[in-house]
Structure formats: structure tokens, C-alpha cells
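# What the coordinates show
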Amino acid sequence: MRNELGSAALGRLLRSIAVVFGVVTIVFFMSRAVGDPISRLAPIDSTQAEIEQIKEEIGLNDPIMEQYGRFLIDIVQLDFGQSFRATRPAVDVVQERLVATIQLGAAGLLVAFAVGIPLGIIAAVRRGGAMDLLSRLLALFGQAVPNFWLGLMLILFIAVSFDWLPTGGRTGFQSIILPAITLGSFPAAAVMRFTRSAMLDTLQQDYIRTARAKGLTERAVLFKHALRNSMLAVVTLLGLQVGTILSGAIVVETVFAWPGLGYLIIQSIIATDYPVVQAAILMTSVWIVFVNLVVDVSYTFIDPRIRTGTV
Amino acid sequence: MTTSNSNYWQRLRSGNLSRRALLRASARAGVGAAGLALVGCGDDDDDDAQPAAAQAEQQQQQEQPAPRQQQDQQQQQQTAAQAEQQAQVQQQQEQQQEQPAATSETATARQQAAASEVDMDAEIIVGYGSFPPTLDITTAGGGGGQGASNNLHFAALGAYNSGRQLQPTGGFGDWEFAENNSVFRWTVKQGVTFHNGEPLNAEAVKFYWERILGRAEYNPDFQSQLNARAAWMGDITVIDDYTVEIAMDPPFVDAAEQSGGINFGLLPKQYIIDNGDDHFANNPIGCGAYKFISWVPDQEIRSERFEEFAFPHDAPYQWKAGWAKYLTGRFFPEEQARAAALEAGEIDIAYRISPDVASQFEDRDDFKVIVLPDVRVMAIELPVNQSLDPLTGEENPWRDKRVRQAANYAIDAEAIINNLLTGNEERAYSPFPAGKPPPLGSLERQYNYDPDRARALLEEAGQIGFAFTITLPTGLWTADRIWMPAVQQMLNDVGFQVEIDYADFGNALSLMRNKELPHPFIFNQAGVSSGAPLGPAFAYRLVTTVGAPYSHAKETDEFLPEFSEFQALITEANAEFDAERANDLYHQAAIISYENAFQVPLFGLPHLYATTPDIFYNEYYDTSTGLNPIYAQKLRA
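What you are looking at is a predicted structure, and each value in this text was computed from that prediction instead of being measured.

Parameters at a glance
Residues numbered from 1 in each chain as written. Chains lettered and ligands numbered in written order. Predicted model: local features only at pLDDT ≥ 70, side-chain atom pairs only at ≥ 80, totals over all residues. Heavy atoms only, no water. Helix = DSSP H or I, 4+ residues; strand = E, 2+ residues; numbered from the N terminus. Buried < 20%, exposed > 50% of the residue type's maximum accessible area, 1.4 Å probe, protein only. Contact = heavy atoms within 4.5 Å. Areas by Shrake-Rupley, 256 points an atom, 1.4 Å probe, with all protein chains shown as cover. Patch = residues over 30% accessible without salt bridge, like charges linked within 9 Å, V, L, I, M, F, W, Y side chains within 5 Å. Salt bridge = Lys/Arg side-chain N within 4 Å of Asp/Glu carboxyl O. Pairing = 2+ DSSP bridges. Axes fitted to C-alpha atoms, helices over the stretch in contact; angles between N-to-C directions. Parallel < 35°, antiparallel > 145°, perpendicular 65-115°, else oblique. Left-handed = near helix turned anticlockwise from the far one by under 90°. Nonpolar A, V, L, I, M, F, W, Y, C, P; charged D, E, K, R; others polar. Phe/Tyr/Trp six-rings, centres within 6.5 Å; stacked < 30°, edge-to-face > 60°. Core = buried A, V, L, I, M, F, W, Y, C linked by side-chain atoms within 4.5 Å.

### As for the overall build of chain A
Secondary structure summary: chain A contains 13 helices and zero strands in total. Along chain A, from the amino end to the carboxyl end, the secondary structure elements read α-α-α-α-α-α-α-α-α-α-α-α-α. The C-alpha extent of chain A, read off along each of the three principal axes, is 85 × 60 × 30 Å. The buried share among the 311 residues of chain A stands at 51%. Long-range pairs, those at least 24 residues apart, make up 74% of the contacts in chain A between residues at least 6 apart in sequence. As presented, chain A carries roughly 14,700 Å² of accessible surface, and 67% of it is formed by carbon and sulfur atoms.

Shown next, in the form of C-alpha cells:
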């Protein structure tokens, strides 16, 4: 049994590495397809000779496959080269922002699960009631409203009209509240729907009826038996939502002036700063792959049947 | 305070806006916000300008008959106490003016009296839409957001006057061509120190050029974005403590700009050698009006007034002491969020906003909008020298003067300005920046809107239905996707068939540079130069001419006779050391260009800023950055 689990984990790990390799390859070629960094790097009145000089200095005159081969060798050593804009190692530039984005992403996920799971449980338990309707409306709102608009409205009302929280920046605990709500609104809706659906499914199972027949309190039935069995679907969603959160962070960081990875990627794409784009996307993809790997492994702990091989 | 044409351009406004209107505008801007989230916000490039007594300045403005000058009503409605103070200041000034010869003491007294209105201990917080990726001025080229750092912390050897003419004397150094134009000499101002106390001398100047060129011994691998600009420099020799010479072979007419212009910020030699380039890029030391305190990338830059700055508030040229004790730049890439931060009182100045956002603050008592012109003129560059039309393979219709004139007559730029833009833009008739004395004499306004004449010319040329594409580089120029469709429609209305290629900015520039855009494209003509009538770095170095980076013209083209004449004048002017003579040549060339309609000049786009009412700004130096917070004054409550 242990060998089977080990080989499954190894297989999953190899697939993850293949995914990351695919991502970096696509990013390498796509980033070169979208533009020429020289137009941003060189002063606006540079002559063609001056442009050629800059290109030569940063290696853009080499054949593309030579650049790609050099790139693959370098990234194994975590050397992404110098940022064209910041003129220092790209990996340093990205690392500075990664913390801010993980902080915001974690806060967004916290909002999503702190709001989504209770609402999902209430909606399932009070199926067809007012709370169910309200929860579903909130879910609809959360999934329908674009996060840049929600962010601007929160700034307008919470920060400007009532002056309760800052409009933006990363200046302390207060400054993360509005971006976290904005970022978490979409996944919160998804979490709520998944939780509701899974709970409804679970609550109809025979073992729930048995638990009630044994005289367990409703709280014990709900939280010990129904919720735990519903969590598999919700945990699966966690892995999916990490990607959603990170992509949503691009817009949210822009709106709230949050100095994270999302905004850095946008700036670097605009400036065709290949090294930073490559480093940022590689780190992001590694992060997403890692979380999904953890989610896969966590199944074995949440559902003993997976661990024992009965499903 | 030196009075200059700068005042002509400044308009301060005030007004009202309800919360509902702001909400409406925010909702309406939703799509725009999404776009901004994807493309980022406005950029800012190089440099600067001058202040003085706020109230006295107002009076000077009132006395000026300059057209379109609008007074800030908010300023005029000061509190009773302020009015009393103002009267005292004016009285002092009048008394001083009556004196036959004002001594330096009275000038200082006037300055102190005026300064009493200004809160010299204030902190001014500016919300920027772009931030620099590095704080080393020599590596930040093209990165954007220079207004938040470079303009504050660094100063260059040369000083510009209000027309962006680099002055031979009066800056951090005096320059001259010597030895039959084989040597370019700078004499450094004595007694100047960097923020860390290191002296500015000839050795420091030599070091910073050699660092740019990769010749400095401490790090020959250092790469600067300015090395291409400095490539003309031969051997650099220190003559004495304050004199340094650059060998030139061949003589380089633009040597002053490309060694002591605004992009060449002076740097402390020993500090860089001791601490290294990476440290310097995060902890800059210059000799600018403000010294660096702290930086959080893409979040905040804090600076403090440099009390030992080499020039006073009323220095005649660009370099002047700062007013506020502290300047803090905060980064708000989304402009609605920047506007909200101003509304919430988190910032004092919202930097570079769009006309739509500016309208939220117009006519309000609690805010004002500052409008400063860009030095650039938007224009359609026409491919006049290619013999064949790239689409049809037939003769290029743009070689027919009537077709080019038709395009000029077809566009109602005034209507675009008044109905789609802010109304503050200036109609352009040449590549000279809006507001500059027109170089075209009686030819001015020849091509005012006349659709009937445009259609007639097109018919006469047999080109009704002439189909072509215009490439518009998007994402940097104000309201580009708003005014461009109007230009398209106006051209189509007279008989052209125009498609617009809304291109990524960087890609479009790259195609232009590679001469891979055979059809018309939009460009802002003055670029890094102001096109000031006597400025050495003239607009035609950037556009239209052979060798210019954003021009259709190539050596191998089949030139129109008129273009050959035009080109000969530009070539001669570009190599002319006598500024007056060069200026005459540029003017002659501009007239040829205008008569032959080589371009379709449109308008100069303004830079818009919203501020709290206690911010007074009355400086306009003819540069591309626009508002420089060094000159911003926070008035006492």
C-alpha cells in the first residue's frame, strides 16, 4: 500500500514538473512574441545604431533557440537574468513582491472560506428558506460583479465616504481589508455554492440518518459527520481557487495599489521585461502546482478510504 | 520671481461635484478601469520648472493680459486673515518696486515675506500613476515615473530657461565649445555639495560620464540606459578642480544636452565606489532640491528638502530650492483609485489624470484642477516619399500635395478639443509645441477645418475613396481611443476610407523605428525636445526627416523635390553650431513642410492634475513631465 502511494506521489510530482516546464517554455516564446523590449528600453530619440548597441549588450541579437537554451540552463540555477527595468536580478525583484501577493492571496482565501463555508452550511441546512435565498443571491452577486468594479465601489464608500479604511497601499493590517474582500468575493461565492451542494448531498446519506437515529445532537451531526464528509469537494476547490486568486490579484493589486506580483507582471509585460515576466510566471506556476500537489496529498488525510485504497 | 510665458499656460479651476456624480463616473469608468488594469497608466518622462510668492504671483497673473488665463477662484476667496496677509505682502512689494535699485537684502526680504504664506514645514503627498523601477537616474531611462524621484533627487550640470533652452551659464556648470569645436568644456559651479556632503567637482563629473560609458574602473560592466546618448564623448580630461573637457571628433552640436541635459543627473563618485551600484539604485544621493529618505518599491518614495541646495527659490532658471519640508510620492496605478485617495484626503496632488477624472474635480470648492500643456504635438505622419502605395502597388497617393492638403482640411481639431477633450488643448499648426510663437507667419491657420475644400481637393486629385490605415500607438497618450475615432470619421466624411490600427505602444514604436509602417501613423512630434524656437534638440530630429527614428523617410526613398529641399535645410540645421542660424534654418524648413502638408498637425495634449485647494502651483517649464512637486507650495490654512 505504501509503495502504491509513493509511486502515485512520484507520478504526480513528475507531472507537476512537466507542467512547470511547459509553462516556462510557453512563457519564454510568448513573451518574445508580444513585443520588442528595445522600444521601452532605449531613449525615445535613440538612433538605430544606438539601439543595436543596446540589443547586443543584453543578448537580444542571439538566435532565439540559443536564447532559449541559455534560459533553461539558467533557470535551473534560479538565474533569470537582470531585469531590464530594475537593472538587478529578476529573481530579487520577484521575491520582493511574492510576499505581498501571498499575503493578499491568503487573506483573500481566508475571506472566501470564512464567508463561503458558513453561508454554504446555513443555505444547505435551511434549504428553501430565506437564508438559503439570501446566500444564493450573495453567491450570484459575488460571481457576477467584476472585482475591479467592486474594488472601486468599496474604495468610494468605505474609504472615501466613511473614511473607515485607507484607499490603497500596503501600510498595515487595515490596508489589506478592502483588497482581501474584493479578491475573496468571487471565490467566496464558489465556495458557498460548493459547500451548499456538498452538504445537501451529504445530509441525504444513510449514515447521517443513522447518526440522528442514534440521538446525536444536530451540531454533532452537522459538524462531525456531514461537514467533514463534505470537505473533500471544498478542499478540491481550494486548489482551483489558488489560481483564481492569483489571477484576480493582478486587477485587485492595480486598483488598491498593492505592491505585489500581479501588478509587477503587468508592468513587466508592458515593458517587455522578459526576465521578470519569466521569473514571476515560473514562481506563480510553481506555487499553483505545489498547492494542488498538497491538495492531492491532503485527500488521503481527509478521506481515509483513499488512504486505505477502498475507493 | 521671473515672469515668463509659463503663466500663460496655467489654469487653476474650482467647482462642485456630488457624491452621486462621482459614483456615476466611477461606474462609467469601470470598463476604462479594467483597461487601465491591463495597460497601466500614464507615464512621465524627464524634467522641470520655477516658483515664488503665491499671492504675489496671483497678482502678477491678474496683471497679465494673456488670453485664456483663468484665475483660481478658490485662491481669490481667501479667508479674511489671509487677505490681510496678502495685502501686506503686496504692499511690501509695491514699496520695493518703488525703490530705484532693489538690493539683494530687499529681494531676500520679499522672498521671506512671500514665503510667510507658504507652510515651509509642510509635507506634500503626491499620488503618481507610475513609479520608477530603480532610483538610479542613469539606469531608469524609459522606466517611467521619473517625476517621483529623478526630478527631486538629482540635478544636471545645465540649466534650462522657461523655453527649455539650455543656458550656457547659470546652472551647476557653465559650458562652451572650445578649440575650434574639437573640445566641449564644462566649468563646474563651486561650493556645491551632494546630499551626503561630498563635493561636486571636476573629478565627480568625469566619473559620472565614465560610469555611463562603462569606462569607470570601479565597475566597467555597469550598464546605463544613457550610454548611447553619451557615445559621442571622446577622452574626458580634468583640467583643474572645477574644469573638465570632453574631446569631440567629429564636433557634436548637441554636446551640452547630451552631457549636461536633464537626463544626466550628477552623482557622487566616492559614495558609489564605496557602496556599489545596487546600493545606489536603492539609496540615491544627488545634489537635487530634495534628498532621499526612503523607498518602498511601487508603494512610496519619501524625500526631504535639501537645505544646502545650491540655488534659492527665485533663481532665474530651472534649479530652485524646494518649498515643502517633505515630499512623499505614493503609487496609485489606477487613476480612479488615485482620485479617490485625493478625495479621501490621503494625498494632496493626483498626478496625471485623464479628462474624465479631471471633470470629477472641476467646479468644486474643495479641489482644483491644474492644466499644464505637454510639449508635444500630436500629428499624423504621412509617407510622402514612397513611390508606390503599399496596399495597391500603384502610385502612392500621398505624393500628391492635394491629397495631403485634403487630409489637413478634413479634420476639425477645434471640435475634438472642445467636445471630446478638456477644451484646454491647443490646436497645432506645426511640430512646434502649442503656445510657442508660430514660426509660420502668415501661413498660420491655412489648414483650418474646411470639409468642402477637402472633398474638392480629393476629387480634383481623383482620390475619392482612397483607402489607407493609420496606426495609433495606444496606452500612453491622453484619451487616445476617444479622439482617434473622431479623426477617422472626419477623414471618411470627405471621401477617404480610413481604418485605424490601435497598436500596442511599444510594438508600434518598434515598427516605426524599423521603417516597417508604410502607412500613416500618429506620433507626438516634439518628443524629448520642446521644439523651442532656439532649442538645439529640435522636433525634426525625431520625426519626418531622414535619419529620425519616427519617420517614414529613408535614404533609399524617391524624395519629392520639396522634401529634398526641406531635408537639406534640416541636415544643415542639425549640424549648425550657431543657434540663431540653426533656428532660422528650422523655421525655413517648417514653412516648406507646412506649405507642402508633409504632416497633419492636430493638437497638443495637456497634462491634468487635481489638488487640494491649499496647494499652489505656478510653474511651467517647457518639459515633458509637467508638474514638478519641487515648486508646489502648501499654503497655510
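We are not done yet, so read on.
### Observations regarding a nonpolar patch on the surface
Taken together, the side chains of Leu10(A), Leu13(A), Leu14(A) and Ile17(A) present a nonpolar region at the surface, about 390 Å² in accessible area. Mapping Ile17(A) onto the fold places it in helix 1 (residues 2-33).

### Digging into the pairing of strand 12 (residues 349-353) of chain B
Residue and element names in this part refer to chain B. Counting buried positions over the five residues of strand 12 gives five, a clear majority of the element. In this sheet, strand 12 lies alongside strand 2 (residues 123-128) in parallel orientation, the contact comprising two bridges. What sits directly across from glycine 127, in strand 12, is alanine 350. Where strand 12 and strand 20 (residues 606-611) come together, three bridges link them in antiparallel fashion. If you follow isoleucine 349 over to strand 20, its bridge partner there is threonine 611.

### Things to note about the packing of helix 9 (residues 206-213) of chain A against helix 10 (residues 218-255) of chain A
Residues and elements named next belong to chain A. Put simply, helix 9 and helix 10 touch, their axes get as near as 10 Å, and they point 160 degrees apart. In terms of orientation, helix 9 lies roughly antiparallel with respect to helix 10. In this structure, the crossing between helix 9 and helix 10 has a hand that is right-handed. Of the residues in helix 10, those touching helix 9 at Tyr207, Ile208, Ala211 and Arg212 are Glu218, Val221, His225, Ala226 and Asn229. Among the residues making up the contact of helix 9 with helix 10, the classes are represented as five nonpolar, two polar and two charged.

### Here's the deal with the packing of aromatic side chains
Throughout the structure, instances matching the rule amount to 41 aromatic pairs over all chains. The interplanar angle of 20 degrees and the centroid separation of 4.8 Å between the aromatic rings of Phe162(A) and Trp164(A) together place this pair among those described as stacked. With relative accessibility at 56%, the residue Trp164(A) sits in the exposed group. Ring centres of Phe559(B) and Phe563(B) lie 5.4 Å apart, and the angle between their planes is 40 degrees; on these two criteria the pair is classed as tilted. Among the residues examined, Phe559(B) registers a relative accessible area of 24% and is labelled partly exposed. Note on Phe563(B): relative accessible area 1%, which makes it buried. Ring pairs connect the aromatic residues Trp175(B), Phe177(B), Phe184(B), Trp186(B), Trp232(B), Phe252(B) and Phe577(B), which therefore count as one cluster.

### Side note on the sheet that holds strand 6 (residues 183-188) of chain B
All names here are of chain B. An order of 5-6-8-7 is seen for the four strands of this open sheet, with the pairing classed as antiparallel. Edge positions in the sheet fall to strand 5 (173-178) and strand 7 (236-240), since each has one partner strand and no second. When the angles between neighbouring strand axes are averaged without regard to direction, this sheet yields 25 degrees. Sheet topology places strand 6 next to strand 8 (residues 243-247); five bridges connect them, and they run antiparallel. The partner of tryptophan 186 across the bridge, within strand 8, is valine 244.

### Topic: unusual backbone geometry
Of the consecutive residues Asp249(B) and Pro250(B), the connecting peptide bond is found in the cis state with omega at 5 degrees. Turning to its location among the elements, Pro250(B) is positioned in the loop between strand 8 and helix 10 (257-260). Look at Leu78(A): it is not a glycine, yet its phi comes out positive at around 55 degrees. Within the secondary structure, Leu78(A) is located in the loop between helix 4 (64-76) and helix 5 (90-125). Taking the relative accessible area as the measure of exposure, Leu78(A) reaches 52% and is therefore exposed. Positive phi outside glycine occurs at Ala257(A), with the angle close to 50 degrees. Locating Ala257(A) in the fold gives a position in the loop between helix 10 and helix 11 (261-270). The exposure class assigned to Ala257(A) is buried, which follows from its relative accessible area of 3%.

### Points about the nonpolar core
Residue and element names in this part refer to chain B. The biggest cluster of nonpolar side chains holds 77 residues, and the ones touching the most others in it are Phe172 and Trp209. Looking at this core element by element, the count peaks at eight residues for helix 9 (residues 202-213). Within the second largest apolar cluster, 68 residues are counted, among which are Tyr429, Ala454, Met512 and Leu585.

### What about the environment of Glu50(A)?
Residues and elements named next belong to chain A. With respect to the helices and strands, glutamate 50 occurs in helix 3 (residues 48-57). Residue class for glutamate 50 comes out buried when judged on its relative accessible area of 18%. Placed 136 residues apart in sequence, glutamate 50 and phenylalanine 186 show a C-alpha to C-alpha distance of 48 Å.

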